[in-house]
Amino acid sequence: DGMPRAKERSWTVASLGCCRPRILRHCLYIVASTVAGISAQRITICSITAYNLSTGNMKKLLLIDAYAMIFRAYYAFIRAPRMNSKGENTSAIFGFAITLDDLIRKINPTHVGVAFDPAGGTFRHEAYEQYKAQRPETPEDIRKAVPVIKRLLEAMNIPVLEVPGFEADDVIGTLSQQGEQAGYEVYMATPDKDYGQLVSDRVFMYRPRHTGGFELMGPKEVCEKYGLQSKEQVIDLLGLMGDTSDN
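Okay, so let's go over this structure.

Thresholds, definitions, all that
- Residues numbered from 1 in each chain as written.
- Predicted model: local features only at pLDDT ≥ 70, side-chain atom pairs only at ≥ 80, totals over all residues.
- Heavy atoms only, no water.
- Helix = DSSP H or I, 4+ residues; strand = E, 2+ residues; numbered from the N terminus.
- Expected span 1.5 Å × (residues − 1).
- Buried < 20%, exposed > 50% of the residue type's maximum accessible area, 1.4 Å probe, protein only.
- Axes fitted to C-alpha atoms, helices over the stretch in contact; angles between N-to-C directions.
- Left-handed = near helix turned anticlockwise from the far one by under 90°.
- Contact = heavy atoms within 4.5 Å.
- Nonpolar A, V, L, I, M, F, W, Y, C, P; charged D, E, K, R; others polar.

### A closer look at the environment of A92
1) Next: Secondary-structure assignment places A92 in helix α2 (residues 91-107).
2) Next: Through-space distance from the C-alpha of A92 to that of I78 is 9.9 Å; in sequence the pair is 14 residues apart.

### Comments concerning helix α5 (residues 168-181)
1) Next: Look at α5: 20 Å from first C-alpha to last across 14 residues, which is about the 20 Å you get at 1.5 Å a residue.
2) Next: For α5, a buried count of eleven out of 14 residues is recorded, marking the element as mostly surrounded by other parts of the structure.
3) Next: Among the residues of α5, those classed as buried are A168, D169, D170, V171, I172, G173, T174, L175, S176, Q178 and G179.
4) Next: Positive backbone phi, approximately 95 degrees, marks G183, located one or two places after α5.

### Some details on the packing of helix α1 (residues 66-76) against α2
1) Next: Contact geometry for α1 and α2: axes closest at 7 Å, N-to-C directions at 115 degrees. Here α1 and α2 pass one another in a crossing that is right-handed. In this structure, α1 uses A66, M69, I70, A73 and Y74 to contact α2, whose residues at the interface are S91, A92, G95, F96 and T99.
2) Next: By residue class, the composition of the contact of α1 with α2 is seven nonpolar, three polar and no charged.

### Things to note about unusual backbone geometry
1) Next: One non-glycine residue, N108, lies in positive phi territory at about 60 degrees.
2) Next: In this fold, N108 is placed in the loop between α2 and β4 (111-115).
3) Next: What makes N108 buried here is its relative accessible area of 19%.
4) Next: If you check the backbone angles, N157 has positive phi at about 60 degrees while not being a glycine.
5) Next: Mapped onto the fold, N157 is located in the loop between α4 (140-155) and β5 (160-161).
6) Next: Classification of N157 as buried rests on a relative accessible area of 13%.

Coordinates in, geometry out; function isn't part of it.
Next up, the structure:
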């Protein structure tokens, strides 16, 4: 496609250790040392040299919840959709590209990956047939945008992280803990409250604000925002609150 490629850095996921799997209401499922369906193989987490960024010796891993950001970008232009010369709605593509650039410039990561939900169901659908049954169908314009966004990420040499049977939440949850164990400072770009259970002194939520921009959330910020004594209580809070989008 003629676009410049960023320099690659390979990261062997299996070498980063194994997290204990668990399912607890709104608990994210931690995928045991196997990401994207591979175990001893390598996943490339992009080194952002194409943006000419440098963070010295600090290793920063940016993990992006793809569909959360795509939906947010699409609906941000719902009153004034972006259209190309062919009459195709490009709001999701345009908005996601702007968000991606903004995240990279603000966080200045050394490594980045974008996690997508896989096609078909997950283990949650097997456990509960009505999981997300009431969620509206994905708009056709978003369906058409996703392959283009994946090609954009490929051109930027940013890996698409996708695991059959597991949601993007699970993949990001796994890599955030493995990255922390490997000495990375981890930023999870997502509006999803479930991620609050994963934060630590080195793992942060980078949450979009409704008024624009992002808020950085560690354990202190999560507890203050939701009136909790510990981040682990996020599981209980969301279990009690429920979520219509999950049923």
